[in-house]
Amino acid sequence: MPTAAPDAPLTSTTIEGAIDHLRATYPEAVRADDREGYGGIIVDSAQLLDIARFIRDDLGFDYLSSATAVDYLGAGDHMEMVYHAYRSRGGGALVFKAQAEREQPEIPSLVSVWRGADFQEREAWDLYGIHFPGHPNLTRILMWEGFHGHPMRKDWREAYYEEEQKPFDSRWPGGHVHRAEEKNVFGKNVSYPREIDLSRLMDTSESAVYQSLGLGVDVERVMDKDGFETNELVVNMGPHHPSTHGVFRMVLTVDGETVTSLEPVMGYLHRNHEKIGERNTYLHNIPFTDRLDYISSMGNNHGYVLAVEHLLSLGRRYNEPTYRCETLRVMMVELSRIVNHLWAIGFWLNDIGAFFTPVLYFIQERERIMDFFEAVAGSRMMCNYMRFGGLFADLPERIKSVSNLVNDRARDYNTMQFLTEMVSERIPRTIDELEQLLTQNEILIERSVGVGVLSAADAINYSAAGPLLRGSGVPYDIRRADPYSIYDELDFDVAVEDAGDMYARYLVRVKELRESVRILRQILPRLEATQGESIWADGKPGAYAPRVPLGEAYGRVENGKGELGYYIVSAGGKSGTANPWRYHVRAPSFINLTPMGIMSQGHKVADIVGILGSIDIVLGETDR
Amino acid sequence: MYGTGLAKGLMLTLRHFVDSYIDDIRYGFRKYSHSVDNFGIRQGTQTKGVITVQYPDEKVAVPERFRFVPFLIVEDEDHPTRAGKDWCTSCGICAKVCPPQCIWIVRGNDPDTGRPVPEPEAFFIDIDICMNCGYCAEYCPFDAIKMDHDYELASYDRTTHHIHDKARLSKPNSYWRSIAPTRAYEEMLARGTWEHKDAAKEARRGQSASRSAPRPAAKAAPAPAKKEAQPTPAPAAQSPAAEGATPWSEDDAKREERRRKALERKARRAAKRGG
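Can you walk me through the overall build of chain A in this structure?
Secondary structure summary: chain A contains 21 helices and 17 strands in total. Considering chain A as a whole, with its 624 residues, one finds that 60% of them fall into the buried category. For chain A, contacts bridging at least 24 residues in sequence account for 67% of all contacts bridging at least 6.

Honestly, the overall build of chain B in this entry has me stumped. Any pointers?
When helices and strands are counted, chain B shows 13 helices and six strands. Out of the 275 residues belonging to chain B, those deemed buried represent 46%. As displayed, chain B has an accessible area near 14,700 Å², and 56% of this comes from carbon and sulfur atoms.

What should I look at first to understand a nonpolar patch on the surface in this one?
Among the surface-exposed residues, Met11, Leu14, Phe17, Val18, Tyr21 and Ile22 of chain B lie close enough to one another that they form a single nonpolar patch of about 600 Å² accessible area. Looking at the secondary structure, you find Met11 of chain B in helix H1 (residues 4-26).

Whenever I open this one, the pairing of strand E15 (residues 551-559) of chain A confuses me. Can you help?
Both faces of the sheet carry side chains from a regular strand, because those side chains alternate between them. All names here are of chain A. Counting buried positions along E15 yields nine of nine residues, so the element is predominantly enclosed. Neither face of E15 is open: one carries Gly551, Ala553, Gly555, Val557 and Asn559, the other Glu552, Tyr554, Arg556 and Glu558, and all of them are buried. The sheet contact formed by E15 and strand E16 (residues 562-570) spans nine bridges and is antiparallel. By the bridge assignment for E16, Ala553 is matched with Ile568. If you look at the hairpin formed by E15 and E16, you'll find two residues sitting between the two strands.

Can you walk me through the sheet that holds strand E5 (residues 163-164) of chain B in this structure?
Residues and elements named next belong to chain B. On the basis of which strands lie adjacent, the open sheet formed by three strands has the order E2-E3-E5 and antiparallel pairing. Where the open sheet ends on each side, the last strands, each with one partner, are strand E2 (103-109) and E5. Relative to strand E3 (residues 116-126), E2 runs antiparallel, the two being bridged by six bridges. Each bridged residue has a counterpart across the sheet, and for Arg107 the counterpart in E3 is Pro120.

What is the right way to look at the pattern of salt bridges in this model?
Two side chains that carry opposite charge are able to pair once their charged atoms sit near each other. Residue and element names in this part refer to chain A. By the definition in use, this model includes 55 salt bridges over all chains. Between Lys561 and Asp293 there is a salt bridge, and its shortest N-O distance comes to 3.2 Å. On the criterion of sequence distance, the pair formed by Lys561 in the loop between E15 and E16 and Asp293 in the loop between helix H8 (285-290) and helix H9 (297-312) is long-range, its members being 268 residues apart. As a salt-bridge pair, Lys540 and Asp538 come within 3.9 Å of each other at their nearest N and O atoms. Here Lys540 falls in the exposed class, since its relative accessible area comes to 53%. On the basis of relative accessibility, which here comes to 45%, the residue Asp538 falls in the partly exposed class.

What should I look at first to understand the packing of aromatic side chains in this one?
The description of an aromatic ring pair uses the distance of the two centres, along with the angle that the planes make with each other. Residue and element names in this part refer to chain A. Scanning the entire structure with this criterion turns up 27 aromatic pairs over all chains. A centroid spacing of 6.2 Å and a plane angle of 35° characterise the contact between Phe96 and Trp114, whose relative ring orientation is tilted. On the criterion of sequence distance, the pair formed by Phe96 in strand E5 (residues 94-101) and Trp114 in the loop between E5 and helix H3 (117-128) is long-range, its members being 18 residues apart. In this pair, the class of Phe96 matches that of Trp114, namely buried.

Would you mind going over the domain arrangement of chain A with me for this structure?
Interfaces are often sized by the amount of accessible area the parts lose when they come together. Residues and elements named next belong to chain A. Entries for chain A in the domain assignment read domain 1 (10-164 + 204-211) and domain 2 (273-622). Once you take the C-alpha centre of each, domain 1 and domain 2 turn out to be 27 Å apart. Residue-level contacts link 46 residues of domain 1 with 33 residues of domain 2. When domain 1 packs against domain 2, the two sides together hide about 3,300 Å² of surface, and 53% of this comes from carbon and sulfur. Along the contact surface separating domain 1 from domain 2 lie four salt bridges. Salt-bridge contacts for Arg279 lead to Glu158; the nearest nitrogen and oxygen are separated by 2.7 Å. Here domain 1 and domain 2 share 27 residue pairs in polar contact (both at pLDDT 80 or more) between them. Only strand E3 (63-72), strand E4 (78-86) and H3 provide two or more residues apiece to the side of domain 1 that touches domain 2. In terms of residue count, the dominant contributor to the side of domain 1 that touches domain 2 is E3 (nine residues). Per-class residue counts for the side of domain 1 that touches domain 2 are 19 nonpolar, twelve polar and 15 charged.

In this structure, what is going on with the interface of chain B and chain A? I would like to understand it.
The interface of chain B with chain A comprises 72 residues on the first partner and 69 residues on the second. Counting each side, the surface lost to burial between chain B and chain A is near 6,400 Å², with a carbon and sulfur contribution of 54%. Seen at the junction of chain B and chain A, the total is three salt bridges. Joining chain B to chain A, the criterion identifies 30 residue pairs in polar contact (both at pLDDT 80 or more). Counting residues per element, the side of chain B that touches chain A draws most heavily on H1 of chain B, at nine residues.

Honestly, the nonpolar core in this entry has me stumped. Any pointers?
Nonpolar side chains in soluble globular proteins tend to be buried together. Judged by nonpolar contacts, the single largest core of 180 residues is most densely connected at Met331, Phe372 and Tyr385 of chain A. Among the elements that take part in this core, helix H10 (residues 323-352) of chain A stands out by supplying 14 residues, more than any other. Counting residues in each nonpolar core, the second largest holds 31 residues, with Val69, Trp87, Cys88 and Ile105 of chain B among its members.

It is not clear to me how the confidence of the model for chain B should be interpreted in this structure. Could you clarify?
Note that predicted coordinates carrying low pLDDT should not be read in detail. Residues and elements named next belong to chain B. Taken residue by residue, chain B gives an average pLDDT of 76. The fraction at 70 or more is 75%. pLDDT under 50 marks residues 209-248. Its contacts with residues more than four places away, or in other chains, come to 49 contacts. The complex prediction reports pTM at 0.83, with the ipTM value standing at 0.81.

So what exactly am I meant to see when it comes to the domain arrangement of chain B here?
One can read the domain layout of chain B as domain 1 (1-60) and domain 2 (70-198). Between the C-alpha centres of domain 1 of chain B and domain 2 of chain B there is a distance of 42 Å.

Hey, could you run me through the environment of Glu256 of chain B in this one?
Residues and elements named next belong to chain B. Secondary-structure assignment places Glu256 in helix H13 (residues 250-274). Glu256 sits in the partly exposed class, given a relative accessible area of 28%. With 176 residues separating them in the primary sequence, Glu256 and Pro80 have C-alpha atoms 25 Å apart.

Hey, could you run me through the sheet that holds E3 of chain A in this one?
Paired through backbone hydrogen bonds, the strands of a sheet run either parallel or antiparallel to each other. Residue and element names in this part refer to chain A. The five strands are arranged E1-E2-E5-E4-E3 in an open sheet whose pairing can be described as mixed. Of all the strands in the sheet, just strand E1 (30-32) and E3 have a single pairing partner and so form its edges. Sheet twist, expressed as the average angle between the axes of neighbouring strands with direction ignored, equals 25°. Both E3 and E4 contribute to a ladder of nine bridges, which runs antiparallel. Among the inter-strand pairings, Ala67 is bridged to a residue of E4, identified as Tyr83. The strands touched by helix H2 (residues 48-57) are E1, strand E2 (41-43), E4 and E5; relative to E5, the strand with the most contacts, the crossing angle is about 175°. On top of the sheet, H3 reaches E3 and E4; it is set at about 10° to E3, its chief contact.

What counts, and where the lines are drawn
- Residues numbered from 1 in each chain as written.
- Chains lettered and ligands numbered in written order.
- Predicted model: local features only at pLDDT ≥ 70, side-chain atom pairs only at ≥ 80, totals over all residues.
- Heavy atoms only, no water.
- Helix = DSSP H or I, 4+ residues; strand = E, 2+ residues; numbered from the N terminus.
- Buried < 20%, exposed > 50% of the residue type's maximum accessible area, 1.4 Å probe, protein only.
- Contact = heavy atoms within 4.5 Å.
- Areas by Shrake-Rupley, 256 points an atom, 1.4 Å probe, with all protein chains shown as cover.
- Patch = residues over 30% accessible without salt bridge, like charges linked within 9 Å, V, L, I, M, F, W, Y side chains within 5 Å.
- Salt bridge = Lys/Arg side-chain N within 4 Å of Asp/Glu carboxyl O.
- Pairing = 2+ DSSP bridges.
- Phe/Tyr/Trp six-rings, centres within 6.5 Å; stacked < 30°, edge-to-face > 60°.
- Domains from an automatic or database assignment.
- Buried area = accessible area lost by both parts, 1.4 Å probe.
- Polar contact = N/O pair within 3.5 Å; in protein donor to acceptor, adjacent residues only side chain to side chain.
- Nonpolar A, V, L, I, M, F, W, Y, C, P; charged D, E, K, R; others polar.
- Core = buried A, V, L, I, M, F, W, Y, C linked by side-chain atoms within 4.5 Å.
- pLDDT = per-residue confidence, 0-100.
- Axes fitted to C-alpha atoms, helices over the stretch in contact; angles between N-to-C directions.

Given below as structure tokens:
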């Protein structure tokens, strides 16, 4: 319940104006977050639901980008949920937080306000043990049911635990090597916590497979040959299925061949990326981000360095990246967007039956881009190219290999010539071929038009991002809505389609391919103009262990698959820290699966494969 | 008309199919020959289609910056004073900057004084854990650890073959110059000598009688005028130490002294922690 009626309708469009308005309406429940380096507001948990509705409806922040938890063990000893809400017409974030005591944390669920909070709250429950009253299905999402403890809590330690933070003391100067597995803390003497029901692990019945999914269907009963009283059937797809693009499982409830509900099950590739990230130093994390969405590692690097650079800029010793550095970053990111979309369209076609002919045509072009990445960054996929305030290295003069003791067949091209040829001839030619092959293809149109429809309102409410959001008629592209790097000076259009079906998503991707080429055409003269300029502001590479000032930062970029965000908290001594306190990845592949259920309802089983393909996920990022 | 889109698409597949034969005829079926000369035809920018590289009969040479598991640089066997000596000073930066923490270094100690010496006693890299990020090479202040181009590391037993020790890791400087000539040359320019920093320092110390020329000038001196010039694998010839252009300054002596003391303090602390 609002404690005071709003004095006047909201007139200001700024974030500050919105916060003032909110504070005037809820004077007791809202206070500014005045910790050093923090921003936004802290909201009283008891009124969180009302305030969230007010933020969505009255203040217009209808898009919940990220909801994540932070464990402040030893720094206030509380759990905190951090929400980043945006307006779908563009602009900055309204950051609001709710706190709860650490032992039995309880924060009201916001699923009734933003459906996009669904998976993210389940993740916070799974990894932090925060309870969300009001959540429709608060079960583990990344860890398996029966897992003991909540692994992201600061006092939880993994197997082979060595130290809280890297670098580990045992490596130098007395680094006598041993394998972690030889020092297995569990050894052969495994003991199970009391809560685990061991008999369940032996349970091979059908119902055990679907336990905790909340399907509302009695699996045993429909499997009974005599039980004709129900016509619903539960079908398990995955995790080992070629159409799931990795290890991903979907549990479908089908009526005949029509899907009535779909429940995504994930976590098979979960490695607790975020916990690893909190043990790491800031620099260590860059190559780890490559392994999230491994199709577009340049974009992953970019989001992360943006977040850390924001934190670094709070300190005294910080140099902004040079113009050449920004140009190179944008070029790399756009090239990886092209790779991503060629890949996404190609494999989506595999999913709906055009087996491998189109995708091989696209991979041909992708190979050239990979060659370029390899020559510049040293690796085709795990680029690890960006650094805080700079890059690994400038472009080499020539894309060149030398035949030597180990490898024989050499290549040698001028880099700028190679790039120019690629941007002005090869990639546009491939996109033309792609369109000729597919856009008017009647089979493709019949398979995809009207299938997997997501309305604009749902897309926003479910926190969909990227081509999934823009394919539903919401012209939201972070490069325009909340520009970063040098995107505000580049000329390009936001690709958007209104239909909201699989075909619309395909068209958005094709348009984005063309827009990326348009951006690259503007990048090339900028590269020529900045030739010789350093990629580092002070001419020399950054430190190997930068100390990052206290504070929080949310760096988000428009990656190929959607909004990729990094929420980073730096907490520690006065001089800053070398290791992040909290490192969270807002993964588009993960959150874009939230509307998978409603998109699949009423379609045939064969379409589910196509719908999943049209979302475009990478399990490295989904499961983290 | 229904089916036009389909026909257009199929025309494209047909064109790709025909093009592959046209390409074959244009290059006189040389695409299928394994000779080195024909490799450019098959992997060039002008060729159409994807053509399989006949691995392992032929291997595409990787670009210079390609990174696979690291190796340690040791001085060439024909070096007059430092043959086979490690470039590594066991400063430990690579171990600290390694994201998966797969580098293990035992720092050497002088058997008489117990003081740390700038040379690793043992050096291990667990290549199962290495993520090939290249940080060790990037942040090494002595250019002593580099990323290799040899990616064929499969073995039948990971427990015996996959922890590389110093003997397995060490490769001569000339190997690095052969796999990455441009970068080796750039590093030489930055370092001011083809030799290890310390070797150059030693040489300077030997000729420190005259402390005339200022340091910055000396630093600028060894940079050759022509940038396009390919580095020749003759380290001693281009060494500035040989030309006697770099004198030893008072500052260097002080810095060396400070460094030595700091290293001692560190060793004491480590010893305390260990005990």
